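Chain by chain, the residues run as shown.
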Amino acid sequence: FHAVKFNYIFLVLLLTACSLNSTQEAALNNAVINYVDAHNKGAVMEYVSIAHPKVVAYYNSLGEDEFKDKFELFSQVEGGDFIQDGTVWEIESQGKSIHAKYTFLSIGDINGLRSSELEIIAISEDNGLSWFFVDAPDYRNEKIFDNDFRLLEL
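Residues numbered from 1 in each chain as written. Predicted model: local features only at pLDDT ≥ 70, side-chain atom pairs only at ≥ 80, totals over all residues. Heavy atoms only, no water.

> Help me understand the pattern of salt bridges, please; the structure alone is not making it clear to me.
Where charged atoms from two side chains of opposite charge approach closely, those side chains can pair. Applying the stated rule across the entire model yields six salt bridges. A salt bridge links Asp138 to Lys70; the shortest N-O distance between them is 2.7 Å. Residue Asp138 is found in helix 6 (residues 136-140), and its partner Lys70 is found in helix 5 (residues 64-71); the two are separated by 68 residues along the sequence. Where Glu119 meets Arg140, a salt bridge forms, and the shortest distance between an N and an O atom there is 3.5 Å. Of this pair, Glu119 sits in strand 3 (residues 115-124) while Arg140 is found in helix 6, placing the two residues 21 residues apart along the sequence. Overall, Arg140 belongs to the partly exposed group, its relative accessible area being 40%. Taken together, the shared-partner salt bridges in this structure form one network comprising Lys70, Asp135 and Asp138. (Salt bridge = Lys/Arg side-chain N within 4 Å of Asp/Glu carboxyl O. Helix = DSSP H or I, 4+ residues; strand = E, 2+ residues; numbered from the N terminus. Buried < 20%, exposed > 50% of the residue type's maximum accessible area, 1.4 Å probe, protein only.)

Structure follows, in structure tokens:
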């Protein structure tokens, strides 16, 4: 009985060690809702405000055209994509930094004929109080984030 109880407690501790507390989870859920909403509406200002500041600074340093190309959004009616069905796959933390890997279904046209998977990383640097978003290619970009910053292996 004690071995079973110990294994159960160990399993619970293992599962909770990689998860978020209720405050962190609520903040992340609200941030994801805002991210999806800004993306799907084509709301560029909202979208830029929830992008990670290092990503914004990087594309800003490349010039106006690069910045516009990166952050220009279109609603699905205007030819943009629609994202839905976000699933969190992995969460890693170190100190006050938390990185969560999400995948979304990205539907590319109104009829749903063109779809793909979009990989997004949610990042908090204040122990889950606020969250910013980075797409996977930018997360891997060493000009934006050095290896010591990244907590997830993509």
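> For this particular structure, what's the right way to read the pairing of strand 2 (residues 97-107)?
Along a regular strand, successive side chains alternate from one face of the sheet to the other. Within strand 2, nine of the eleven residues are buried, which leaves the element mostly enclosed by the surrounding structure. Summarising the sheet, strand 1 (residues 82-94) and strand 2 pair through ten bridges and their orientation is antiparallel. Opposite Phe82, over in strand 2, you have Ile107 as the bridge partner. What sits between the antiparallel neighbours strand 1 and strand 2 is a turn of two residues, in which Gly95 has the positive phi angle 60°. One ladder, built from ten bridges, connects strand 2 with strand 3; its direction is antiparallel. Bridge pairing in strand 3 links Tyr102 to Ile120. (Pairing = 2+ DSSP bridges.)

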